[in-house]
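Structural overview
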Amino acid sequence: MKEFKKNPNPTKDQHFMVDEEMLERIYRKAGIKDGERIVEVGGGAGALTKYLAKGKNHVVVIEKDPYYADLLRKMFSDYENVEVVEGDALQYDYYSFDRIVANLPYTITEPFLINLARTGTLNHNEKDSRSSNVKSITLVLSQNSVRKMVAPIQITEGKSKHCNQEFGIMGAICHTFLDVKIDTVIPSEAFFPEPAVTSLLVVLTPKQKKTTVDRIMAEILTDKKGNCPTIYRVYDLMLTQGKAYNLNKYKSSMTSNAFGKFTSTVIGNQNVYDLTNMQISQLLQDLIRNDAKLKGAKSQAKQGKYIERPYTTSKFAFDYDYDDDYDDDEEEFQRPKTK
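Report follows, based on the coordinates. The written sequence of each chain sets the order in which its residues are numbered from 1. Thresholds applied to this predicted model are a pLDDT of at least 70 for local features of residues and 80 or more for the giving and counting of side-chain atom pairs; totals over whole chains, interfaces and linings are not thresholded and use all residues. The side-chain figures draw on all heavy atoms in the structure; neither hydrogens nor water molecules are used.

It is worth spelling out the overall build of the chain at this point. Per the secondary structure count, the chain includes ten helices and eleven strands. Any residue under 20% of the maximum accessible area for its type is buried, any over 50% is exposed, and the rest in between are partly exposed; the area is computed with a 1.4 Å probe on protein chains only. Looking at the 339 residues of the chain, the share that counts as buried comes to 51%. Summarising the internal contacts of the chain: among those between residues at least 6 apart in sequence, 69% fall at separations of at least 24. Reported accessibility uses the Shrake-Rupley method at a 1.4 Å probe radius. Residues are deemed covered only where the shown protein chains occlude them. With the model as given, the accessible surface of the chain reaches about 16900 Å², and the carbon-plus-sulfur share is 47%. The secondary structure listing takes helices from DSSP runs of H or I that are at least 4 residues long and strands from runs of E that are at least 2 residues long, numbered from the N terminus. By definition, residues are in contact when any of their heavy atoms lie within 4.5 Å.

Following DSSP output, two strands are said to pair if at least two bridges run between them. Across the sheet, which stays open at both edges, the seven strands sit in the order β4-β3-β2-β5-β6-β11-β9 with mixed pairing between neighbours. Both outer strands of the open sheet, β4 (82-86) and β9 (178-186), are each paired with one neighbouring strand and no more. Ignoring strand direction, the axes of neighbouring strands in this sheet form an average angle of 20°. One ladder, built from six bridges, connects strand β6 (residues 136-142) with strand β11 (residues 199-206); its direction is antiparallel. If you follow Thr-138 over to β11, its bridge partner there is Val-203. For helices, the fitted axis covers only the stretch in contact; all axes are lines through C-alpha atoms, and the angles between them, taken along N-to-C directions, range from 0 to 180 degrees. The strands touched by helix α4 (residues 109-118) are β2 (37-41), β5 (99-103), β6 and β11; relative to β6, the strand with the most contacts, the crossing angle is about 160°. Its contacts with the sheet put helix α6 (residues 169-177) on β9 and β11, and the angle it makes with β9 is roughly 115°.

Here the focus is the packing of aromatic side chains. When the centres of two rings from Phe, Tyr and Trp lie within 6.5 Å, Trp using its six-membered ring, the rings pair. Their planes under 30 degrees apart give stacked, over 60 give edge-to-face, and anything left gives tilted. Under the counting rule described, the total for this entry stands at eight aromatic pairs. Between the aromatic rings of Tyr-94 and Phe-112, the centroid separation amounts to 5.6 Å while the plane-to-plane angle is 70°, which identifies the pairing as edge-to-face. Taken together, the residues Tyr-94 in the loop between β4 and β5 and Phe-112 in helix α4 connect sequence positions 18 residues apart. Phe-112 gets classed as buried once you look at its relative accessible area, which sits at 0%. An aromatic cluster is defined as three or more aromatic residues linked by ring pairs; in this entry it consists of Phe-16, Tyr-67 and Tyr-68.

This next bit is on the environment of Ser-264. Mapped onto the fold, Ser-264 is located in the loop between α8 (231-240) and α9 (265-268). Since its relative accessible area comes to 25%, Ser-264 is described here as partly exposed. Among the polar contacts listed, one links the side chain of Ser-264 to the backbone nitrogen of Val-266, at a separation of 3.1 Å. What qualifies as a polar contact is a pair of N or O atoms within 3.5 Å, subject to a donor-acceptor requirement within protein and to the restriction that residues adjacent in sequence count only when both atoms come from side chains.

Moving on: the pattern of salt bridges. The salt bridge definition used is simple: a Lys or Arg side-chain nitrogen within 4 Å of an Asp or Glu carboxyl oxygen. Tallying each qualifying case throughout the model produces eleven salt bridges. Linking Asp-183 and Lys-29 is a salt bridge whose minimum nitrogen-to-oxygen distance equals 3.3 Å. On the criterion of sequence distance, the pair formed by Asp-183 in strand β9 and Lys-29 in helix α1 (residues 20-29) is long-range, its members being 154 residues apart. The exposure class of Asp-183 is buried, given its relative accessible area of 17%. A salt bridge links Glu-166 to Arg-147, with the shortest nitrogen-to-oxygen separation between them at 2.7 Å. Separated by 19 residues along the polypeptide, Glu-166 in the loop between β8 (160-163) and α6 and Arg-147 in helix α5 (residues 143-149) bring together distant segments of the chain. With relative accessibility at 37%, the residue Arg-147 sits in the partly exposed group.

Let us look at the packing of α4 against α6. The N-to-C vectors of α4 and α6 enclose an angle of 40°; their axes lie 10 Å apart at closest approach. If you check the angle between α4 and α6, you find them oblique. The hand of the α4/α6 crossing is left-handed. Only Ile-169, Met-170, Ile-173 and Phe-177 of α6 make contact with α4, whose side of the interface consists of Thr-109, Glu-110, Leu-113, Ile-114 and Ala-117. For this classification, the nonpolar set comprises Ala, Val, Leu, Ile, Met, Phe, Trp, Tyr, Cys and Pro, the charged set comprises Asp, Glu, Lys and Arg, and every other residue, Gly included, is treated as polar. Classifying every residue of the contact of α4 with α6 gives seven nonpolar, one polar and one charged. Every angle not falling under 35 degrees, over 145, or within 65 to 115 is termed oblique; those three ranges are roughly parallel, roughly antiparallel and roughly perpendicular. Handedness of a helix crossing follows the sense of rotation of the near helix relative to the far helix, less than a right angle counterclockwise being left-handed and clockwise being right-handed.

A separate point is the side chain of Gln-282. In this structure, Gln-282 sits in helix α10 (residues 277-302). Looking at Gln-282, its side chain comes within polar contact range of the side chain of Gln-285, at 2.7 Å. Look past the residues within four positions of Gln-282 in its chain and what remains in contact with it is Thr-263 and Ile-267.

Another point: the nonpolar core. In terms of nonpolar packing, the biggest core is built from 61 residues, with Tyr-94, Ile-100, Ile-169, Ile-173, Val-272, Leu-283 and Leu-287 touching the most fellow members. Discounting chain neighbours no more than four positions away, the residues touching Leu-283 are Met-217, Ile-231, Phe-262, Ile-267, Val-272 and Leu-275. In this description, a nonpolar core means a group of buried Ala, Val, Leu, Ile, Met, Phe, Trp, Tyr and Cys residues linked to one another through side-chain atoms lying within 4.5 Å. Formed by 25 residues, the second largest nonpolar core is a distinct cluster that contains Leu-23, Val-101, Ile-186 and Ala-190.

Counted residue by residue, β6 has seven buried out of seven residues, so it is predominantly covered. Of the two faces of β6, both are covered, the one formed by Ser-136, Thr-138, Val-140 and Ser-142 as well as the one formed by Ile-137, Leu-139 and Leu-141. In the sheet, β5 pairs with β6 via five bridges, with the strands oriented parallel. From the neighbouring strand, Ile-100 faces β6, where its bridge partner is Ile-137.

Remember, this is a structural readout, not a statement about activity or role.
So, in structure tokens, the structure goes:
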């Protein structure tokens, strides 16, 4: 590692990548194509920036530390395709970029993902020109963060099932918006100074096919205007405006109020980012249960057979596989039969 007037400070979560083979791997896994706009979060001493800048792309590097921001400007002063921005990466909108590449300070992983979700950056749709441009996010993260991102909603131990304490807002964001691919473990000696935790290279790509529950959660998690709406408000609007189920045709025989409910009013009356891990798990459980009920009721309404059932608590939702064609054979979810 080249000696600078100011070396990286591990107390500020500064661990710079110095392994050339790993830097090359990160660049390849990012899948960058000519003409794309790239943003690197946390440029540090510019080791990864050199790889990103060698293509025919426009590269924006965001660096919070004034010393390293100035260093990057000097290093890449002759590069017409590199722009260095001094500032907090959590305050930027990444909606217009094609690729995000970062060796993130590990302590900002969760707020960084929340920023991407809230601003709609993760909602990329190739068929919608108005959606986010971001096609992939290539990150170096701590093992602990990655574990939370891919955590299952429920843990099964023997015959008992219980909530996974590690499933929270990061898990909800990744389940809703992203396909998560863990590429490789990065050895500590690839950094200077060496971190005390295990690091992983992860590639995130926006889901191209979302289920109804995914689309509802995407609306709940997205808050571009910063209004912090309650879950009840977002969910009710999706139901009444037909954005999730298109129930208007059958409103004479069924009502959204019979199904747009949650186990706890505390969940519905809060913004999703104010929920605890347990409440986020329950929110998903409730949405999945309501999804099964609404689709069953809509099917019966088409046949003129709908009978409104009282609200009951579901027991299956944690291990639901988000299949839109879900058909549960358990007795609790059998539809009332009419002649």
